[in-house]
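Geometric and topological summary
One-letter residues, chain by chain:
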Amino acid sequence: MRTSCLVIISIVLVLAAGGAWSQGMSGFPATELRAVDTPSDGGGSIDLEWEGEGLQFVLIMRATSPGGEFETIGDAIASDGSYTDMRLDDQTDYYYRLAYPAGEDTLLGAVAGPAQSKTNWFRSYRKNALVLTALMFILVISYVTQARKGKRLFIRRISGLSAIDEAVGRATEMGRKILYIPGILSLSEIQTIASLSILQHVSKLTAVYGTDIEVPNKDPLVFSAARETVKQAYMEAGRPDQFKEEMVTYLTYDQFAYAASVTAKMVRERPATNFLIGSFFAESLILAETGQSIGAIQIAGTADIPQLPFFVTACDYTLLGEELYAASAYLSKEPVLLGSIKAQDVVKAIIMVTVGAGIVILAFGSNIVRDVLFTR
Amino acid sequence: MKIQKLLYIDRRIIYLLVAIGALIPIIRPIGLPVVPSAPVQGLFERVEELEPGDAVMLSFDYGPSSEPELNPMSAAIMRHLFMREVRVMVVAIFPLGGVQIAIREVARITSEFDLEYGVDYVNLGYKDGGQAPMKAMGVSIQDVFPADVETTPTEGMPIVEDVRNYGDIEVVITLATGIIGEWWANLVNAQFGVDVAVGCTAVSAPKYYAYLRSGQMIQRGLQ
Amino acid sequence: MRRTIPLILTFCVGMYPIFAFFVPHRVVTNINQNLDTYLVIVAAFALPLGVVNLVMSNINKIKKKDKGWFYSVVLIAGLCLMAFYGIMGGDQGFHAHFQWMFENAVSPLQATMFSLLAFYVASAAYRAFRARNVEATVLLIAAIVVMLGRIPIGDMITGGRLTPISEWLMTKPNAAAQRGIIIGAALGAASMQIRVILGIEQTYLGSGKD
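For the structure given in this document, a descriptive report is provided here. (Residues numbered from 1 in each chain as written. Chains lettered and ligands numbered in written order. Predicted model: local features only at pLDDT ≥ 70, side-chain atom pairs only at ≥ 80, totals over all residues.)

This next bit is on the overall build of chain C. Assigned secondary structure in chain C consists of 7 helices and 0 strands. Taken from the N to the C terminus, the helices and strands of chain C come in the order α-α-α-α-α-α-α. Taking 2.2 N^0.38 as the reference for a compact globule, 210 residues should give roughly 17 Å; the C-alpha atoms of chain C span a radius of gyration of 26 Å, well beyond that estimate. With the C-alpha coordinates of chain C rotated into their principal frame, the extents come out at 65 × 50 × 35 Å. The proportion of buried residues among the 210 residues of chain C is 20%. Expressed as a percentage of contacts within chain C between residues at least 6 apart in sequence, the contacts between residues at least 24 apart total 27%. (Helix = DSSP H or I, 4+ residues; strand = E, 2+ residues; numbered from the N terminus. Rg over C-alpha atoms; globule rule 2.2 N^0.38 Å. Buried ≥ 20, exposed ≤ 12 C-beta atoms within 10 Å, placed from the backbone. Contact = placed C-beta atoms within 7 Å.)

Below, the structure written as structure tokens:
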């Protein structure tokens, strides 16, 4: 055992001496190689750093023992000074050295290591995101608590949401149905959840007025959630007998087949009111223009920015981005929900001030705010 | 009075004008020169910077509805990549038709070059779940695609063995409709730091400028 | 209980990806990936629910001989045919007949629907751009510059002089406005997500109060 230790130490010393000699040779472009575990990652990688100059290519070599066979795993430009080796097993010793092909000879650098890759517990480069997330949670909870204690919170008038009653009333007067389109994405999309909140409010109104409503769906999960939502709304309105399963239907998973089916419904059945609320893509204008052509009153809402101009042009009212998310709080007027809107506004104000300050500071040549905010 | 009339043209007349405008170049091609825009030029230059043997992921994230707009982009990009001897991993995230288009277009373009399947390129096919496989490929592409589009195991394929995750990929190019392009930018660029380029339909272009300007996306695609 | 258990589940499943966003440890990321996989599985289970509803409602239409009942027959026949050859073709749907139907039916039908957009965009743009006031006139001018700056015929007419202006409009005012809406909408979405995770927002759970 003692003998083998001595042999290993000797080999290391000889190699180190050889490396030092190699580095001492003129023309070796990279020195002081260091190998450390890549910080803040899930493991499996080691960062290499060295001092280097010039645009020469250096070869990166790796072995699992200092005296073992070094294999070339990649190359880098000497002046880059860094390389990340990402094909590793955790808790294994790795040794590295650089090599520089100079003519027919290959000059070898000193061996660095051992280094082990390991899986880490925190992504330190996301500290800023953590602070903002925590702040958002704290603000929501604190404003909700204040609201529960009875503090009055103000929310501005959102005309698109205020028009819902009028739109339902119009359909009732005309004796025609209401078409509610909850977007084309699934329940994992938060816009769809927001849309279901509005659907509940609309369904309660249709239950009270006895107006016919139809909710055609593209996504099967949304279909079942929408059916439950409408059913619940009719129960809460005290009209469970008026709820019919045909009110909420499933059409197809195909975007344009869905658009074709819904527009056909619009043309055939001429609903008095169309709600287009949720996540929409290229079908948005097909739906909204058809609705416009049949003279329906249309209320749209989406946070999908490319679709907003289409809705603004073709619909009577449009909920723009965040207005959609504020809908459930606005419609229910529940203080607890309003509290979260207030928290959102505070964070927005903080971001606006920070961005404003960042622009001014950047104009004076300092990147400090940008660096603090940068994350990935 | 005439101006007043112009303000209230029947929509059917507008439809007719659009139809005439679309039909004329189809019946009698005008042959106008196509000038690449700055974002397109940027993507071209990014591909030019790639070394032979570098890996690029090409994602077919569109369906038949967008084929007329996006097929020429996919063809041009594939030709450019193969001319540069860049290795290409093809995937499809769009559920309806993305993989069928990928099969056809990849076969069409690769037939123009002397390429070896599994070494120079691979078609990994479709994976359901949208953002889920995108995230999982950050750890291991082979775990997400244990078999290719022809259900051949990817184990042992040199390109799949060599390109393990986003760390081994230089650029992800997505030809995308809907929200998928944003997923690539928000998830793959933001969380894994790999360059993302998107070729999109004209209607989606404005939203990508915000990502382009913020450096979350290298360039928009082709004109 | 009908609400409490889903709310607890929502809290746990909602908080976990936030936790995993900050913690790269393999144990944590593996569980997070499994959660993503479960989402796909749950969605797959929901699909038959939708298909059953679709088939039932169309069978009812056929039975009652409702107006347009023949289209329901076409729908069910198409559904069965595509599903049959899709299953026959294995997990990537390679059966020759499936591919043929895709190329010759699905593809042209989808392209037709999408190309309708050109007509709808034209009529919507016509309404929006009618220069009735200052804002609409500004919109009209900007639209003309952007459109001409991005198409070959525009380059030919203006000798490419509008291209940089068009690019400026897209990369500066357009991108700035987009970002403003993106930030607002992202904060709205974050606030909504916190409401859902904390159980303040419960509409999506539908019926069944404690």
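So much for the structure itself; the text now carries on.
Let us now look at the interface of chain C and chain A. Counting residues at the interface gives 50 residues for chain C and 66 residues for chain A. For the side of chain C that touches chain A, the secondary-structure elements that each account for two or more residues are helix 1 (4–22), helix 2 (26–63), helix 4 (96–129) and helix 7 (162–197) of chain C. Classifying every residue of the side of chain C that touches chain A by side-chain character gives 31 nonpolar, 15 polar and 4 charged. (Nonpolar A, V, L, I, M, F, W, Y, C, P; charged D, E, K, R; others polar.)

Residue and element names in this part refer to chain B. An order of 3-2-1-4-5 is seen for the 5 strands of this open sheet, with the pairing classed as parallel. This sheet does not close on itself; its edge strands, each paired only once, are strand 3 (121–126) and strand 5 (195–200). In this sheet, neighbouring strand axes are inclined to one another by 15° on average, regardless of whether the strands run parallel or antiparallel. As paired elements, strand 1 (residues 55–61) and strand 4 (residues 171–176) share 6 bridges and run parallel to each other. By the bridge assignment, Asp-61 is partnered in strand 4 with Ala-176. (Pairing = 2+ DSSP bridges. Axes fitted to C-alpha atoms, helices over the stretch in contact; angles between N-to-C directions.)

Attention now goes to unusual backbone geometry. All names here are of chain A. Even without a glycine there, the phi angle at Gln-91 is positive, about 60°. The phi torsion at Arg-270 lies on the positive side, around 45°, for a residue other than glycine. One can find Arg-270 in the loop between helix 6 (255–269) and strand 12 (273–277).

With that settled, consider the interface of chain C and chain B. Taken together, the 37 residues of chain C in the interface contact 38 residues of chain B. Sorting the residues of the side of chain C that touches chain B by element identifies helix 2, helix 4, helix 6 (152–158) and helix 7 of chain C as the ones contributing at least two each. Among the elements that line the side of chain C that touches chain B, the one with the most residues is helix 4 of chain C, at 13 residues. Along the lines of polarity and charge, the residues of the side of chain C that touches chain B split into 17 nonpolar, 13 polar and 7 charged.

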